[in-house]
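# Fold and geometry: a report
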Amino acid sequence: ETAVFQTPNYHVTQVGNEVSFNCKQTLGHDTMYWYKQDSKKLLKIMFSYNNKQLIVNETVPRRFSPQSSDKAHLNLRIKSVEPEDSAVYLCASSRTGGAREQYFGPGTRLTVL
Amino acid sequence: GEQVEQRPPHLSVREGDSAFITCTYTDPNSYYFFWYKQEPGASLQLLMKVFSSTEINEGQGFTVLLNKKDKRLSLNLTAAHPGDSAAYFCAVSAGNYAQGLTFGLGTRVSVFP
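What counts and how
- Residues numbered from 1 in each chain as written.
- Chains lettered and ligands numbered in written order.
- Predicted model: local features only at pLDDT ≥ 70, side-chain atom pairs only at ≥ 80, totals over all residues.
- Heavy atoms only, no water.
- Helix = DSSP H or I, 4+ residues; strand = E, 2+ residues; numbered from the N terminus.
- Contact = heavy atoms within 4.5 Å.
- Pairing = 2+ DSSP bridges.
- Axes fitted to C-alpha atoms, helices over the stretch in contact; angles between N-to-C directions.
- Buried area = accessible area lost by both parts, 1.4 Å probe.
- Salt bridge = Lys/Arg side-chain N within 4 Å of Asp/Glu carboxyl O.
- Polar contact = N/O pair within 3.5 Å; in protein donor to acceptor, adjacent residues only side chain to side chain.
- Nonpolar A, V, L, I, M, F, W, Y, C, P; charged D, E, K, R; others polar.
- Disulfide = S-S within 2.5 Å.
- Buried < 20%, exposed > 50% of the residue type's maximum accessible area, 1.4 Å probe, protein only.

### A word on the environment of B:Glu5
Residues and elements named next belong to chain B. For Glu5, the location among the structural elements is in strand β1 (residues 4-7). For the pair Glu5 and Gly104, spaced 99 residues apart in sequence, the C-alpha to C-alpha distance is 5.6 Å. Beyond its immediate chain neighbours, meaning those up to four positions away, Glu5 contacts Thr22, Cys23 and Thr24.

Below, the structure written as structure tokens:
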């Protein structure tokens, strides 16, 4: 099956803990992204990455960092979670050329207590 | 940067009627435009992409219109049915994939019998 896969589906943790979310795409794309969808359903780009370039949205706190082993994987690490990090984190991928439509994974819902 | 305004935020339509959603954007360099559907608890599903200056695209049960002169993108759900109940998001890309997509705030559509 060709798609974007994310694990875990849900994660509940306490303030100050470190969390890591996984994303894998089997679409053969060369660019991957992380978006944050807040409680009001607002979607905002956090990172975009291909094997040549990492682009970070300037509003993303430094406790967030992407980690990639190859072009099919882009994980998201949060070093010390805060309550405002509670959200759904969506991973996406696209080709670099053409219309670059993005395909999204199912999301990881993070709840910070 | 790019700003996307989407209206209305909520829409309730009778089964068989049409539902019309509009997005306006600010960056004249925006080049690619997308509509996504998000059912409750699910991820984003790509409905349609458009990029010509003025284009009407028809999909299964919907029509998308792009007017670059007015910087306006619209989605018309024709003959809505209960399966159309979802959140719909427009998304705009300036052509630089690294910047990701800029999303509208979404329209929550409810189709009632």
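### Looking at the sheet that holds strand β8 (residues 75-78) of chain A
The pairing of strands in a sheet happens through backbone hydrogen bonds and is either parallel or antiparallel. All names here are of chain A. Ordered in space as β1-β3-β8-β7, the four strands form an open sheet in which the pairing is antiparallel. The sheet is open, and its two borders are formed by β1 (4-7) and β7 (64-67), each paired with just one other strand. With direction set aside, neighbouring strand axes in the sheet form an average angle of 20°.

### Side note on the interface of chain B and chain A
Taken together, the contacts link 20 residues of chain B with 24 residues of chain A. Overall, the association of chain B and chain A removes approximately 1900 Å² of surface from exposure, summing both partners, and the carbon and sulfur fraction of that is 57%. The interface formed by chain B and chain A includes one salt bridge. Salt-bridge contacts for A:Glu101 lead to B:Lys49; the nearest nitrogen and oxygen are separated by 2.9 Å. The interface formed by chain B and chain A contains six residue pairs in polar contact (both at pLDDT 80 or more). Elements represented by at least two residues in the side of chain B that touches chain A include exactly β4 (32-38) and β5 (44-50) of chain B. In terms of residue count, β4(B) provides more of the side of chain B that touches chain A than any other element does, four residues in total. Split into classes, the residues belonging to the side of chain B that touches chain A amount to 12 nonpolar, six polar and two charged.

### Thoughts on the state of the cysteines
Under the defined criterion, the tally for this structure stands at two disulfides over all chains. A sulfur-sulfur separation of 1.8 Å characterises the disulfide bridge that pairs A:Cys23 with A:Cys91. Disulfide A:Cys23-A:Cys91: the torsion about the S-S bond is -80°, which places it as left-handed. Placement of A:Cys23 in strand β3 (residues 19-25) and of A:Cys91 in strand β9 (residues 87-94) is noted, with a sequence separation of 68 residues between them. Since its relative accessible area comes to 0%, A:Cys91 is described here as buried. For B:Cys23, the disulfide goes to B:Cys90, at an S-S distance of 2.0 Å. Across the S-S bond linking B:Cys23 and B:Cys90, the dihedral sits near -100°, which makes this disulfide left-handed. In this pair, B:Cys23 is assigned in strand β3 (residues 19-25) and B:Cys90 in strand β9 (residues 86-93), connecting sequence segments 67 residues apart. Each member of the pair B:Cys23 and B:Cys90 is classed as buried.

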